[in-house]
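Okay, here's what each chain looks like letter by letter:
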There are 2 protein chains.
Amino acid sequence: MPDRTKFVLDEREMPTSWYNVQPDLPQTLAPPLGPDDRPIGPEALAPLFPMELIKQEMSQERLVEIPAEVQEIYKTYRPSPLIRARQLERPLDLPAGVRIFYKYEGVSPGGSHKPNTAIPQAFYNKQEGVRRLATETGAGQWGSALSIACAFFGMECTVYMVKVSYDQKPYRRMLMESYGASVVASPSAKTNAGRAVLRRHPDSLGSLGIAISEAVEDAATHDDTHYSLGSVLNHVILHQTVIGQEAIKQMEMAGAEPDVVIGCVGGGSNFAGLALPYFHRRKQGRSKARLVAVEPKACPTLTAGEYRYDFGDEAKMTPKILMYTLGHDFVPAGIHAGGLRYHGDSPIVSLLVKTGDIEAKAVHQRACFEAAEAFARAEGILPAPESSHAIRVAIDEALAARQAGEARTVLFGLSGHGHFDLAAYEAYNKGLLRDYDFAAGTFAEAE
Amino acid sequence: MPDRTKFVLDEREMPTSWYNVQPDLPQTLAPPLGPDDRPIGPEALAPLFPMELIKQEMSQERLVEIPAEVQEIYKTYRPSPLIRARQLERPLDLPAGVRIFYKYEGVSPGGSHKPNTAIPQAFYNKQEGVRRLATETGAGQWGSALSIACAFFGMECTVYMVKVSYDQKPYRRMLMESYGASVVASPSAKTNAGRAVLRRHPDSLGSLGIAISEAVEDAATHDDTHYSLGSVLNHVILHQTVIGQEAIKQMEMAGAEPDVVIGCVGGGSNFAGLALPYFHRRKQGRSKARLVAVEPKACPTLTAGEYRYDFGDEAKMTPKILMYTLGHDFVPAGIHAGGLRYHGDSPIVSLLVKTGDIEAKAVHQRACFEAAEAFARAEGILPAPESSHAIRVAIDEALAARQAGEARTVLFGLSGHGHFDLAAYEAYNKGLLRDYDFAAGTFAEAE
């Protein structure tokens, strides 16, 4: 095998279809349920989403063509690089047969995997004559991605940003505004949902649940406006499969097949985007890769949640979906990987964990930051706190293989960079970060 | 010509040598002068720099081999992409013969072109047994790059950061600290130079000149420590030529030869890195590209400065070099492209402007931010304020060609992203930015 580090694809090798896992699932996805606990049809979603996305949500076609206009914009940053982590491997003192690769999505505008779905979502809405998109954002990665996507298509974008983030992460807000988005601190006086919260709690810091309610209400009450969601849903996961399809080609260039594929999980789209094309490859008998979803121990949906129908949001505005959940009223502790603080998980990922096709692991945040800084100092890239969960497990897998004297090829998804998360690194370096004991419901003492 | 957007090179096509322009210059570079106004020799630089870099500073060899260790680390982010700016071209309504391409250096760790020289500088120092590097930083791009490079080679790094930036840009400081660097607000009590300033001005906000003096003193007074500079010097410019060498190959892939090559200029290394390989190509008779260096009207070194010997720093610690200069005691107005606020310019770029081989242009900052936001909303990438100067002129060149009914292929260098410059975008969007009238010595009214 040649001694190579970085595996790039020409844009002509970029996937031209998304991979839809639905026909390959071990069982059909359970339908979403409406207020009367009966399955809902496409028409129930029409006030919020364009018909093309609703079709994708329910599609049984294995391949869904990527529109030419979306491919054209993907090409400004895709295909993303796949890199052999040689500089990280060295201090870990790995034997020749143990290798670590990562697929890096931080090269996108916005610095994460989120534009992969924001761009087609904006495109399909634009095609159906929608003038404006409304969404919510917590840490800001999704709001940034949708702001950028709307700018590409000349659409307006309203982002309901959880108030505590709005106040504490002004740079994320400014980034969205630079792309022309309107950013509203949530709860706001713009919606009934927001006003109701403000009446009860004038000083509310907001929550993702409240912000979702505001964005959904905004979309539902304006004819020219739709709603857009950055994870969980089947069509979002569909769009992210460009990641794994590219990775398969790049790993072939590297002459390597992964033994384990690792990604961090909040709503599940980043992990699924990398792992599902490998799930398909496994079905084809061309891969034996274990697929490992990593979540924070402070919000252990897949490892400690129940598999049952639940609402996607705190305010019960969404349909009920069958998934692993900690309960729609679960309020995750204030850990620094904001993108992983979600009480539920995507129905697709949940089902595959249930059937044993995907393994789930939970890790503590300090161990993740330790791995993230080791990675940054070796490979150069400062990871997003979310992505650090995958790095932690990737390093652990490599060390376990060294320990066992086994060969192992590890592939993990580096979903984004941490340029907007430096306050978290500062807290870690000052010894101020604490790990959350989910069972006890308390934070451990700081270092 | 195929309808392509992004031109990527395999790492095996990455340049293996840097291009040294010195043997191709129209006249020999004038030597740096010491305190007695006599040319200084290599030994005068030895307390600050490793011998290999001093040799490069004076080398007359056209090609300087890139060490294997440096190539290996380059590969974590290089070759960088070259992109046809299709999304930007569309709203400009350009005819088929007018095209805009950009070479994007923001994919590096640190988000700018600076690691291209930080990595070899750290490497050569490490090879000669140096344990620690000291440097200064203003806006923070260079300090970040050197912090990362030192982390790669397990070296210590001390960054003297201009106090006003240290206070106002905490995220840049945190970034450097995440890579293990020590960041010191300058003026500091750690050096004689710093203490002298603090005695006179206890509330000093610092300046790049003071920070240089502190870093140089730190290096000169510690045996295990060297000094490192991020622009201006010949060896820095040498290292940046990986940019232009890659761009030539990528433009060939695109089936296009640039008619004009554009870059922003502070100390000159980003521009020279892209432009000098085209200068060489012009000498070979294979290119007729105009080379355009763009600087801020608030600090118009090349367009309004004098060509004469001057000090590189305010405190007259450096040798005198022959260059365009606004005077070593010139204090640039507080515009937002911190990396372009330098009173002088690289001797190489200065000479080639003097001989007419390079054109120089000066632009106002508001026009640059306008171009930057148009670019961000079209291409997705939010540019560094420095890079926006190149975008402004690239757009103007394309519009002028449209106006004249001429074909024109425009190539510009996008030296970095603006993730750490969002306060500047915020100020622009609130109409708070003002343009500086250099001749009058005053800021114009805000919008």
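A brief look at the structure comes next. All of these numbers come straight from a predicted model, not from anything done at the bench.

1. Some remarks on the overall build of chain A
Next, step 1: Helices and strands together make up the secondary structure of chain A, namely 17 helices and 17 strands.
Next, step 2: Taking 22 Å as the expected radius of gyration for a compact globule of 447 residues, we find that chain A reaches 21 Å, a close match to that expectation.
Next, step 3: Principal axes of the C-alpha set define a box for chain A whose edges measure 60 × 50 × 40 Å.
Next, step 4: Within chain A, the proportion of its 447 residues that are buried is 67%.
Next, step 5: For chain A, the exposed area adds up to about 15300 Å²; of that, 50% sits on carbon and sulfur atoms.
Next, step 6: Side chains of chain A carry 46 positive and 54 negative charges; the gap between the two charge centres is 3 Å.

2. Considering the packing of helix H2 (residues 51-58) of chain B against helix H11 (residues 234-253) of chain B
Residue and element names in this part refer to chain B.
Next, step 1: Between H2 and H11, the shortest axis-to-axis distance is 7 Å and the interhelical angle comes to 85°. In terms of orientation, H2 lies roughly perpendicular with respect to H11. Counted together, Leu53, Gln56 and Glu57 of H2 and Asn234, His235, Leu238 and His239 of H11 form the full contact between these two elements.
Next, step 2: The class makeup of the residues in the contact of H2 with H11 is 2 nonpolar, 4 polar and 1 charged.

3. Some thoughts on the environment of Val363(B)
All names here are of chain B.
Next, step 1: Tracing the sequence through the fold places Val363 in strand E14 (residues 359-363).
Next, step 2: Using a relative accessible area of 11% as the deciding quantity, one classes Val363 as buried.
Next, step 3: Remark: the alpha-carbon pair of Val363 and Asp313, spanning 50 residues in sequence, is separated by 24 Å.
Next, step 4: Setting aside residues up to four positions removed in sequence, Val363 forms contacts with Val294, Glu295, Pro296, Lys297, Cys368, His389, Arg392 and Val393.

4. Points about the pairing of strand E13 (residues 320-325) of chain A
Residues and elements named next belong to chain A.
Next, step 1: Of all 6 residues making up E13, 6 are buried, and the element is well covered by its neighbours.
Next, step 2: Here strand E12 (residues 306-311) runs beside E13; their pairing, made up of 6 bridges, is antiparallel. Looking across to E13, one finds that Arg308 is bridged to Met323.

5. A few points about the interface of chain B and chain A
Next, step 1: In this complex, chain B contributes 50 residues to the contact, which on the side of chain A involves 50 residues.
Next, step 2: Note on chain B versus chain A: buried area summed over both sides is about 4300 Å², and carbon and sulfur give 52% of it.
Next, step 3: The interface formed by chain B and chain A contains 6 salt bridges.
Next, step 4: The residue Arg4(A) makes a salt bridge to Asp10(B) at a minimum N-O spacing of 2.6 Å.
Next, step 5: At the junction of chain B and chain A, the tally comes to 26 residue pairs in polar contact (both at pLDDT 80 or more).
Next, step 6: Of all the secondary structure elements, the ones that give two or more residues to the side of chain B that touches chain A are helix H3 (68-74), helix H4 (86-92), helix H6 (141-152), helix H8 (170-178), helix H15 (365-379) and helix H17 (422-429) of chain B.
Next, step 7: A total of 6 residues in the side of chain B that touches chain A trace back to one element, the largest contributor, which is H8(B).
Next, step 8: Residues of the side of chain B that touches chain A, tallied by class, amount to 24 nonpolar, 10 polar and 16 charged.

6. Quick word on the pattern of salt bridges
Next, step 1: Applying the stated criterion across every chain, the model contains 68 salt bridges over all chains.
Next, step 2: The partner of Asp435(B) in a salt bridge is Arg366(B), and the shortest N-O contact between them spans 3.6 Å. One end of the pair, Asp435(B), is in the loop between H17 and strand E16 (436-437); the other, Arg366(B), is in helix H15, with 69 residues separating them in the sequence. Take Asp435(B) and Arg366(B): they sit in the same class, and that class is buried.
Next, step 3: A single salt-bridge network, built from bridges that share partners, covers Arg290(A), Glu359(A), Lys361(A), Glu397(A), Glu406(A) and Arg408(A).

7. Structural notes on empty space enclosed by the protein
Next, step 1: Tallied over the full model, the rule gives 10 cavities of 30 Å³ or more.
Next, step 2: Considering only enclosed or pocket space, the largest cavity measures out at about 300 Å³ in volume.
Next, step 3: Taken together, 27 residues line the largest cavity, and the ones lying closest to its centre are Pro81(A), Val107(A), Lys6(B), Pro81(B) and Val107(B).
Next, step 4: A class-by-class count of the residues in the lining of the largest cavity yields 19 nonpolar, 5 polar and 3 charged.
Next, step 5: By volume, the second largest cavity amounts to about 230 Å³.
Next, step 6: Forming the walls of the second largest cavity are 25 residues, and the residues nearest its centre are Gly106(A), Val107(A), His417(A), Gly106(B) and His417(B).
Next, step 7: Residue composition of the lining of the second largest cavity, by class: 12 nonpolar, 13 polar and no charged.

8. Focus: the sheet that holds strand E15 (residues 408-414) of chain B
Residues and elements named next belong to chain B.
Next, step 1: Here 7 strands make up an open sheet; going across it, the order is E1-E4-E5-E15-E10-E11-E14 and the pairing mixed. Each having just a single partner strand, strand E1 (6-7) and E14 make up the two edges of the open sheet.
Next, step 2: Relative to strand E5 (residues 98-104), strand E4 (residues 82-84) runs antiparallel, the two sharing 3 bridges. Its bridge partner being in E5, Leu82 is matched across the sheet by Lys103.
Next, step 3: Its contacts with the sheet put helix H16 (residues 385-404) on E5, strand E10 (260-264), strand E11 (290-296), E14 and E15, and the angle it makes with E15 is roughly 175°.

9. Side note on helix H14 (residues 347-354) of chain A
Residue and element names in this part refer to chain A.
Next, step 1: Among the 8 residues of H14, 7 are classified as buried, and the element is accordingly described as predominantly covered.
Next, step 2: Where H14 is buried, its residues contact helix H11 (234-253), helix H12 (269-283), helix H13 (301-304), E12, E13 and strand E14 (359-363).
Next, step 3: Just past H14, the residue Gly356 takes up positive phi, approximately 85°.

10. Section: the sheet that holds strand E9 (residues 225-227) of chain A
Residues and elements named next belong to chain A.
Next, step 1: One open sheet accounts for 4 strands, arranged E8-E7-E6-E9; its pairing is parallel. Of all the strands in the sheet, just strand E8 (182-186) and E9 have a single pairing partner and so form its edges. The average angle at which neighbouring strand axes cross in this sheet is 25°, direction not considered.
Next, step 2: Pairing of strand E7 (residues 156-162) with E8 involves 5 bridges; the strand directions are parallel. Bridged to Tyr160 within E8 is Val184.
Next, step 3: In this fold helix H8 (residues 170-178) packs onto strand E6 (132-137), E7 and E8, with an angle of close to 170° to the strand it touches most, E7.
Next, step 4: Where helix H10 (residues 208-220) meets the sheet, it contacts E6, E7, E8 and E9, and its direction lies at approximately 170° from that of E6.

Criteria and thresholds
Residues numbered from 1 in each chain as written. Chains lettered and ligands numbered in written order. Predicted model: local features only at pLDDT ≥ 70, side-chain atom pairs only at ≥ 80, totals over all residues. Heavy atoms only, no water. Helix = DSSP H or I, 4+ residues; strand = E, 2+ residues; numbered from the N terminus. Rg over C-alpha atoms; globule rule 2.2 N^0.38 Å. Buried < 20%, exposed > 50% of the residue type's maximum accessible area, 1.4 Å probe, protein only. Areas by Shrake-Rupley, 256 points an atom, 1.4 Å probe, with all protein chains shown as cover. Lys, Arg positive; Asp, Glu negative; His and termini not counted. Charge placed at Lys NZ, Arg CZ, Asp CG, Glu CD. Axes fitted to C-alpha atoms, helices over the stretch in contact; angles between N-to-C directions. Parallel < 35°, antiparallel > 145°, perpendicular 65-115°, else oblique. Contact = heavy atoms within 4.5 Å. Nonpolar A, V, L, I, M, F, W, Y, C, P; charged D, E, K, R; others polar. Pairing = 2+ DSSP bridges. Buried area = accessible area lost by both parts, 1.4 Å probe. Salt bridge = Lys/Arg side-chain N within 4 Å of Asp/Glu carboxyl O. Polar contact = N/O pair within 3.5 Å; in protein donor to acceptor, adjacent residues only side chain to side chain. 1 Å grid on protein atoms, 1.4 Å probe; cavity = no way out; pocket = protein on both sides within 12 Å on 5 of 7 lines; lining within 4 Å. Points joined across faces, edges and corners; volume = space filled by probe spheres on them.

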